[in-house]
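# Fold and contact review
The chain contents come next:
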Amino acid sequence: MTPEYVQYGCGLSCPDGWLNFDASPRLRLERLPFVSRAFEASGTRLFPKNVRYGDIVRGLPVPEGCARAVYCSHVLEHIDRESVIIALENTYRMLRPDGVFRLVVPDLAWRAEEFLRARDRGDSNAADEFIRKAHLGQGNAATGFIRRMCRVFGNSDHRWMYDEAAMTALLAQTGFVSIRRCRFGDAEDPIFALVEDEGRFVDTGRDELALEARRPC
């Protein structure tokens, strides 16, 4: 069957009706034949069976121009800045003409505004709080084998951050059109309701950066 709806960086949110991919090292481990059986036997398997291993930067096993829609939530900030361009190009290639791409990333703008307000109030912890809330930097050295491996192979830290102008420019550079800021639940196609989570669109009462764009006809 030709995949019409593709989600990458799905984590554990993998509804039927979508072709769900994630690039987690844990998922890759769970899909190894002998290891998979061990996880099954011990009841410690994390990822549902309908999640496939796939890295959007390397390219997903999806035919070009077949998807009606592609979705990713809090994924692109975990990719280095140069590779984000490749990720967007690969996303564009998967879409059919007039196909829809919706994305959510943390909004750098309001976090920076909060930092400036705190700094102007004389808060000496303003910079530290900004770095923590943006999940940037390293607060401590990775000691111990497991922590070092998590830092090397994990992907929890943010590698880059975006405001609306920056991400809009990247989408336009890739070839996307009809780029607009979107909100939770405002997708034209109701199938987005299966993958979108309001908690990913809002953080502490503030809207994250959610954008919708289309591949031109």
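Counting of residues starts from 1 at the beginning of each chain's written sequence and follows it residue by residue. Two thresholds apply to this predicted model, a pLDDT of at least 70 for residue-level local features and 80 or more for giving and counting side-chain atom pairs, whereas whole-chain, interface and lining totals are computed over all residues. Heavy atoms throughout the structure, all of them, feed into the side-chain values; hydrogens and water do not.

Pairing between strands is defined by DSSP: at least two bridges between the two strands are required. Strands here mean DSSP runs of E at least two residues long; helices mean DSSP runs of H or I at least four residues long; both are numbered from the N terminus. Taking strand neighbours across the sheet as the criterion, the 7 strands line up as 3-2-1-4-5-9-6 in an open arrangement whose pairing is mixed. Taken across any chain shown, the strands that pair with only one partner, and hence form the sheet edges, are strand 3 (51-53) and strand 6 (177-181). Averaged over all adjacent pairs, the angle separating strand axes in this sheet is 20°, with direction ignored. Both strand 6 and strand 9 (residues 209-214) contribute to a ladder of 3 bridges, which runs antiparallel. Across the sheet, residue Arg181 finds its bridge partner in strand 9, namely Leu211. The contact rule is simple, with two residues in contact once any of their heavy atoms fall within 4.5 Å. Note on method: axes are straight lines fitted to C-alpha atoms, helices fitted across the in-contact stretch only, with angles between N-to-C directions ranging 0 to 180 degrees. Each of strand 1 (5-8), strand 4 (67-73) and strand 5 (95-105) is contacted by helix 3 (residues 81-94), which is oriented at about 140° to strand 5, the strand it contacts most.

Considering the arrangement of structural elements, one finds Ser24 in the loop between strand 2 (19-22) and helix 1 (25-30). Each residue is assigned to one of three classes by its accessible area relative to the maximum for its type, calculated with a 1.4 Å probe on protein chains only: buried under 20%, partly exposed between the two thresholds, exposed over 50%. Judged by its relative accessible area of 17%, Ser24 falls in the buried class. When near neighbours in sequence (up to four residues on either side) are disregarded, Ser24 contacts Phe47 and Tyr53.

With that settled, consider the environment of Ala165. Checked against the element boundaries, Ala165 lands in helix 7 (residues 164-174). For Ala165, a relative accessible area of 57% gives the class exposed. Sequence-wise, Ala165 and Ala109 are 56 residues apart; in three dimensions their C-alpha atoms are separated by 9.8 Å.

Counting buried residues along strand 4, 6 of its 7 residues qualify, which places the element largely inside the surrounding structure. Here strand 4 pairs with strand 5 via 6 bridges, running parallel. Across the sheet, the residue bridging to Ala69 is Val100, located in strand 5. Clockwise travel from the first strand over the helix to the second, with the strands pointing away from the viewer, marks a crossover as right-handed. Between the parallel elements strand 4 and strand 5, the chain passes through helix 3 in a crossover that is right-handed.

Looking now at the nonpolar core. Ranked by size, the top nonpolar core spans 31 residues in total, and within it Tyr8, Leu76, Phe101, Leu103, Met167 and Leu171 carry the most contacts. At the level of secondary structure, the elements contributing two or more residues to this core comprise strand 1, strand 2, strand 4, helix 3, strand 5, helix 7 and strand 9. Ranked by residue count, the leading element in this core is helix 3, at 5 residues. With residues near it in sequence (within four places) discarded, Leu171 still touches Leu88, Phe101, Leu103, Phe176, Ile179, Leu211 and Ala213. In this description, a nonpolar core means a group of buried Ala, Val, Leu, Ile, Met, Phe, Trp, Tyr and Cys residues linked to one another through side-chain atoms lying within 4.5 Å.

Before going further, it helps to examine unusual backbone geometry. Positive phi, normally seen in glycine, also occurs at His135, with a value near 55°. Its place among the elements puts His135 in the loop between helix 5 (126-133) and helix 6 (145-153). Judged by its relative accessible area of 44%, His135 is partly exposed.

With that settled, consider the pattern of salt bridges. Each salt bridge in this description consists of a side-chain nitrogen of Lys or Arg and a carboxyl oxygen of Asp or Glu lying within 4 Å of one another. In the structure shown here, the tally under the stated rule is 21 salt bridges. Here Asp120 and Arg119 are joined by a salt bridge, their closest N and O atoms 3.2 Å apart. Exposure remark for Asp120: the relative accessible area of 58% places this residue in the exposed category. Looking at Arg119, the relative accessible area reads 47%, which means it is partly exposed. A single network of salt bridges, built from pairs that share partners, joins Arg102, Arg180, Asp186, Glu196 and Glu212.

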